[in-house]
Amino acid sequence: MKEYITKADFVEVSAETFRAIVKKSKLTGKTNHDCQDMQDDYVNTEGVILATHEMIACADIYQVRRELFDNYILTASLKHAG
């Protein structure tokens, strides 16, 4: 069963933050053939979409699930505090 997501589930991030989160979370990129624009979905081992990279005209839009972003920020702030 395909999981449908809403824009509210995601937050837009910089390319650098996106790459760091994808790497840290060990997500796998898959091209989304259902999208009218060019889009890569990044999924975990269960196939759940946790991040997207959408290419529209001349713009790249990087988005990650809000919970994943919040966890990334919390981990980064704890690392700097300690």
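Refer to the structure above for everything that follows.
Owing to the predicted nature of the structure, the values given are computational and were not obtained by experimental measurement. (Residues numbered from 1 in each chain as written. Predicted model: local features only at pLDDT ≥ 70, side-chain atom pairs only at ≥ 80, totals over all residues. Heavy atoms only, no water.)

Draft legend 1. Region of the structure containing the pattern of salt bridges. Applying the stated criterion across every chain yields a total of one salt bridge. With a closest N to O distance of 3.7 Å, D9 and R65 form a salt bridge. Taken together, the residues span a long stretch of sequence, with D9 in the segment before β1 (10-13) and R65 in strand β5 (residues 59-65) at a distance of 56 residues. (Salt bridge = Lys/Arg side-chain N within 4 Å of Asp/Glu carboxyl O. Helix = DSSP H or I, 4+ residues; strand = E, 2+ residues; numbered from the N terminus.)

Draft legend 2. Just helix α1 (residues 15-25), in detail. Taken residue by residue, α1 has T17, F18, I21 and V22 as its buried positions. Looking down the long axis of α1, one finds its buried residues gathered within 130° of arc, a one-sided arrangement. Along α1, exposed side chains directed more than 90 degrees from the buried face belong to E16, R19 and K23. Just past α1, the residue K26 takes up positive phi, approximately 55°. (Buried < 20%, exposed > 50% of the residue type's maximum accessible area, 1.4 Å probe, protein only. Arc of directions from axis to C-beta.)

Draft legend 3. Summary view of the nonpolar core. Counting residues in each nonpolar core, the largest one holds twelve residues, listed as V11, V13, F18, I21, V22, L27, Y42, L50, A51, Y62, V64 and L68. When contributions to this core are tallied by element, the ones reaching two or more residues are β1, α1, β4 (49-56) and β5. Beyond its immediate stretch of four places on either side in the chain, F18 contacts V13, Y42, A51, T52, H53, Y62, Q63 and V64. (Core = buried A, V, L, I, M, F, W, Y, C linked by side-chain atoms within 4.5 Å. Contact = heavy atoms within 4.5 Å.)

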